[in-house]
Structures are given as C-alpha cells and as structure tokens.
Amino acid sequence: MLVTISTTHVPATDLGYLLHKHPGRVQDFTQSFGVATVFYPEATGERCTVALLLDVDPIRLARERAKNSPDFSLAQYVNDRSYAASSLLGVALADVFSTARAGRCAHRQELADSAIPLEITIPVLPCRGGADVAHRVFEPLGWQVEAEPIALDEAFPEWGDSRYIRLRLAGVVRLADALNQLYVLLPVLDEFKHYWQGPDEVDKLLRSGDGWLADHPAKTLIARRYLGRHRGLAHVALARLAELGDEVEDAAEAGEEEIAQQEDGRVPLNAQRHEAVCQALLDLGAKSVIDLGCGPGQFLERLVSTPAFTRIAGCDVSARSLRNAARRLRLDRMSERQSARIELFQGALTYEDPRFGGFDAAVLMEVVEHIDPPRLQALERVIFGAAKPGAVIVTTPNSAYNVRYEGLTGMRHPDHRFEWDRAQFAQWSDRVAAAYGYRAERSGIGDADEVLGTATQMAIFTRGGCP
Ligand code: SAH
C-alpha cells in the first residue's frame with residue numbers, strides 16, 4: 001500500500017526539510033506490522049513528491065492482533081491489509097513523520113507553520129459508505145477531493161463497485177494538519193480496526209484533531225468511527241470536543257447510524273459559557289473588552305455581534321489560532337468601521353505587554369488551566385498587577401464534575417496542566433483578588449449537580465477591594 005504527498009511550493013525540495021527525510025535517500029522504518037519505506041519519486045525545485053510504501057507482513061500483523069485482541073478468526077489471516085491503505089498506513093505515517101506531524105521543523109519553521117499547496121494520492125483505500133463519505137470528511141478541511149470507486153472486477157462491470165476508492169486530495173494546507181488528518185481519517189474511512197482502543201485513544205484523537213476537528217461538520221461521524229466499537233469513548237470525545245468547538249452540527253448526520261451529540265436538545269456547554277460571560281460583561285457595563293487566550297475566536301465572534309462592545313481585542317500565543325480567528329471573523333471582508341473596532345495580536349500572558357492595558361474588562365475563558373503552575377503567578381502579575389482592567393472574568397473546569405464524563409480518566413483536555421475543584425478555585429481567586437485590589441465573586445456555568453457543582457466555574461473580579 002502506498003501514499004504519495006507532493007508539493008509545488010518553490011523550492012519544492014524543502015519538503016525534505018519539512019519531513020526530516022532527505023530527498024536523495026531511500027529509507028526503511030520497521031513497524032510492528034511490517035516495513036515502511038520512504039523515497040522520493042521526483043524532487044525538483046518546482047515539484048517534489050514523497051512516497052511512503054508500506055509492506056505489511058500478514059503473519060506479524062496476526063501475531064500483534066492476537067496479543068491485543070481476544071477474538072481469533074480467519075479474517076486475521078485472510079484480509080486486505082497488505083493491499084489497501086488503512087489505519088495501518090495512518091500509524092506508519094504518524095511514526096515515520098512524527099516531527100512533521102507535531103508541526104516542528106528546525107530549519108524551516110515558518111514553512112512548517114504555513115499552508116502550502118499539497119497533493120495526496122492513495123491508489124487503494126477502503127471506504128465504508130462509499131465515495132461520498134470521503135467527500136464529507138475531507139472537503140470541509142479545504143481539500144478538493146477526487147474519490148473514484150474501484151470496480152470489483154473490471155472484467156465483470158455488472159458486478160458493480162468494490163468498497164475501495166482511489167483518492168486524490170489537493171489543497172493549500174499546513175503539512176502537519178494534512179498528516180494529522182490522514183492519521184485520523186484513514187481509520188475513519190476504513191471499516192476494519194487493527195488496534196484495541198483504550199481511554200487514551202480519546203486523547204490521541206483530540207491531539208491529532210487539534211485545530212480542525214472541533215469545528216468539523218462531520219465530527220460526530222469522525223469520533224464515532226475513529227473510536228470504533230466503544231460507544232462510551234465516542235461520547236467522551238464529543239463532550240470534550242464540545243468544550244473546544246462551536247457546535248455546528250451537520251444536518252445530514254441526523255437520522256444516520258451516528259447519534260448527534262446534543263441528542264437531548266440541551267445547549268452545549270461552550271455556548272452556555274459564551275452566554276454567561278457575555279451577560280456578565282453587559283452587566284458590568286463594559287464597552288472595551290480583551291479576550292486573553294482567545295483561541296480560534298468563537299467568543300470574539302460573539303463579542304463582535306454585540307453592539308454594546310465598541311472596542312474588542314483578542315490575544316493568543318498561538319499564531320495558528322489567531323489566523324483561524326481572523327478567518328472566522330472574516331476580518332478581510334469587514335467594513336473599515338467594523339474592523340476599526342477589533343484588533344487581534346499575538347502575545348504571551350506571562351509577559352508584561354502594554355497592549356493588554358486600557359480595557360474595561362478582560363476575559364480569561366478556559367485559559368488558566370493551560371498555564372504551567374509555576375508560571376501562573378507571572379500571569380497574575382501581568383494581568384491583575386500591570387494591565388489592571390476594570391474587571392476580569394475567569395472561567396475554568398470544575399474538576400469534581402469530571403466523574404460525570406463517562407470513561408474520562410485524566411483531565412478534560414490533553415493540554416490542561418491542572419484542573420481545580422471549587423475549593424481550589426475559591427482559594428486561588430480570593431488570594432489573587434486580595435493581592436491586587438479586586439473583589440472576586442464566583443458562580444457556576446452548566447447543569448448543576450447537587451453534590452459536584454457545575455461543569456464550568458466562573459469568577460468575576462471587580463476592582464474595589466483593598467490592595
Ligand atoms: N478562550 C478560548 C480558548 C481556550 S483554549 C475558548 O474559551 O474557547 C486556551 C487558549 O489559551 C489556547 O488558544 C492557547 O493557545 C492559549 N494560551 C495558552 N497559554 C497561553 C499563554 N501563555 N499566553 C497566551 N495564550 C495562551
């Protein structure tokens with residue numbers, strides 16, 4: 001089985017730097033189920049193509065499988081694994097190009113951060129549900145998709161199509177995103193799961209889906225298929241994605257095998273969070289607001305659509321999140337008057353920055369838990385001590401509520417450095433308020449459990465306490 005990735009970004013041979021594989025060499029990488037060979041069928045300044053050829057050893061695969069799975073069947077020995085692209089190819093890609101998948105490139109970091117023209121071909125790919133599913137999962141990510149069904153037997157056209165397709169994707173995409181998308185979406189299209197799924201599969205899915213899965217219109221289908229037989233895990237993944245994404249559900253999902261995650265009709269948690277924080281800002285009478293750690297800009301969108309806010313700023317440490325925020329807000333298509341209302345900038349909350357100053361209110365929505373505990377005091381000093389907005393609104397998960405997420409073993413998101421229960425949050429917010437002359441008032445967001453409290457906790461800091 002084979003996948004090729006080409007670019008026409010000039011000089012195209014920079015693909016070698018991005019992938020950390022020299023275009024002049026053929027290299028083998030041993031996998032537990034076979035050997036992956038990387039080589040470049042073409043490498044010129046105008047166009048460069050890397051190929052990953054995976055030679056699956058069915059005997060080794062069967063042994064691996066026997067170790068990991070209790071079921072034994074003939075299918076372990078008689079299957080398409082050696083001939084069709086599948087989750088195994090995704091695993092090999094992830095292993096061989098692990099640094100590129102993490103978006104790191106010592107020699108060409110700017111290029112690794114940029115979307116570049118890419119073309120991906122997979123000659124034989126099992127695709128459950130037909131070619132339409134390939135369109136549904138890849139097109140919303142900006143790919144032009146050609147998914148050509150492969151006939152069962154060319155000699156007997158009346159037999160119809162097989163469940164395999166020839167896939168060609170073309171788009172302008174960051175290479176790390178493309179690799180992560182293949183890693184997740186190859187097993188989604190495939191109907192045969194080679195591995196056992198444990199609770200860390202949810203973390204893997206969220207990590208690989210960073211920046212593209214939470215807003216994907218077919219995320220329910222993707223999470224359910226990726227996590228396979230284990231329905232509980234798909235629920236956990238969707239609940240955690242709901243924390244990150246903006247909940248646009250694909251209408252086409254309804255009525256299918258996949259159950260939309262808000263099947264009970266409740267308002268998703270992050271929408272409740274946006275509502276609560278927006279209301280709190282209005283109650284405070286804030287006109288100028290800065291969203292610190294704004295991520296891809298869902299809450300900024302809410303602020304922009306509220307006329308009471310006349311000056312809006314969004315700041316994040318991640319350039320990628322800011323690009324997504326600019327795209328979401330359609331900054332390039334805004335009237336001059338509108339765009340004068342809003343500014344986006346890159347900055348770190350642990351370093352003093354004059355751009356943080358001069359706002360009626362600052363929002364730290366689901367941000368503090370991403371800061372390493374030893375750096376948290378720096379953030380406190382920078383925001384409460386130096387920037388000194390009139391009010392600060394902080395939201396963060398209530399760790400006690402996590403037992404309500406079935407199957408969740410660790411924290412709600414792989415990047416969380418800590419999660420506080422209500423007592424810990426109260427202690428932190430009271431200490432910070434007292435140190436910097438604010439008063440802290442706490443409340444909850446989301447459905448309240450009598451014993452555990454709500455999923456999200458919020459503190460509103462207003463100035464006026466004794467410094
Ligand atoms: N506020 C958004 C995003 C929360 S995710 C929301 O509620 O949806 C946390 C965000 O904080 C990420 O976008 C991350 O890039 C950002 N972040 C983490 N550490 C940061 C730091 N030190 N400085 C600025 N932003 C940071």
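Procedures and definitions
- Residues numbered from 1 in each chain as written.
- Predicted model: local features only at pLDDT ≥ 70, side-chain atom pairs only at ≥ 80, totals over all residues.
- Heavy atoms only, no water.
- Pairing = 2+ DSSP bridges.
- Helix = DSSP H or I, 4+ residues; strand = E, 2+ residues; numbered from the N terminus.
- Axes fitted to C-alpha atoms, helices over the stretch in contact; angles between N-to-C directions.
- Contact = heavy atoms within 4.5 Å.
- Polar contact = N/O pair within 3.5 Å; in protein donor to acceptor, adjacent residues only side chain to side chain.
- Parallel < 35°, antiparallel > 145°, perpendicular 65-115°, else oblique.
- Nonpolar A, V, L, I, M, F, W, Y, C, P; charged D, E, K, R; others polar.
- Phe/Tyr/Trp six-rings, centres within 6.5 Å; stacked < 30°, edge-to-face > 60°.
- Buried < 20%, exposed > 50% of the residue type's maximum accessible area, 1.4 Å probe, protein only.
- Lys NZ or Arg CZ within 6 Å of the ring centre and 35° of its normal.

## Here's the deal with the sheet that holds strand S10 (residues 342-346)
Read from one edge of the open sheet, 7 strands run S10-S9-S8-S11-S12-S14-S13, paired in mixed fashion. Both outer strands of the open sheet, S10 and strand S13 (438-445), are each paired with one neighbouring strand and no more. Pairs of neighbouring strands in the sheet enclose a mean axial angle of 15 degrees, with direction left out of account. In the packing of helix H15 (residues 373-387) onto the sheet, the strands contacted are strand S8 (288-292), strand S11 (361-365), strand S12 (391-397), S13 and strand S14 (456-463), and the crossing angle to S12 comes to about 150 degrees.

## What about the side chain of Thr 454?
Along the chain, Thr 454 turns up in the loop between S13 and S14. At 2.8 Å, the side chain of Thr 454 and the backbone oxygen of Thr 456 are in polar contact.

## So, the packing of helix H7 (residues 175-189) against helix H9 (residues 219-226)
Packing of H7 against H9 leaves a shortest axis separation of 8 Å and a crossing angle of 75 degrees. With respect to H9, the element H7 is oriented roughly perpendicular. When H7 is examined against H9, the residues Tyr 183, Val 184, Leu 185, Pro 187, Val 188 and Leu 189 are found in contact with a partner set consisting of Ile 222, Arg 225 and Tyr 226. Within the contact of H7 with H9, the residues separate by chemical class into 8 nonpolar, no polar and 1 charged.

## Some remarks on the environment of Ile 393
With respect to the helices and strands, the residue Ile 393 is situated in strand S12. Along the backbone, Ile 393 and Val 363 are 30 residues apart, and their C-alpha atoms lie at a distance of 4.8 Å. In this view, Ile 393 contacts Val 277, Ala 280, Leu 281, Leu 284, Ala 362, Val 363, Leu 364, Met 458, Ala 459 and Ile 460; residues no more than four positions away in its chain are not counted.

## Topic: the packing of aromatic side chains
Scanning the entire structure with this criterion turns up 10 aromatic pairs. Ring geometry for Trp 420 against Trp 428: centres 5.2 Å apart, planes inclined by 35 degrees, an arrangement best described as tilted. With a relative accessible area of 5%, Trp 428 lands in the buried category. Their ring planes at 85 degrees and their centres at 6.1 Å tell us that Trp 428 and Phe 461 sit as a pair that is edge-to-face. In this pair, Trp 428 is assigned in helix H16 (residues 422-436) and Phe 461 in strand S14, connecting sequence segments 33 residues apart. This pair shows no difference in class: Trp 428 is buried, exactly as Phe 461 is. Among the aromatic side chains, those forming a connected cluster through ring pairs are Phe 384, Phe 418, Trp 420, Phe 425, Trp 428, Tyr 436, Tyr 438 and Phe 461. A cation over an aromatic ring shows up here: Arg 101 above the ring of Tyr 183, its NZ or CZ 4.3 Å from the ring centre. The side chain of Arg 311 reaches across the aromatic face of Phe 359, ending 4.0 Å from its centre.

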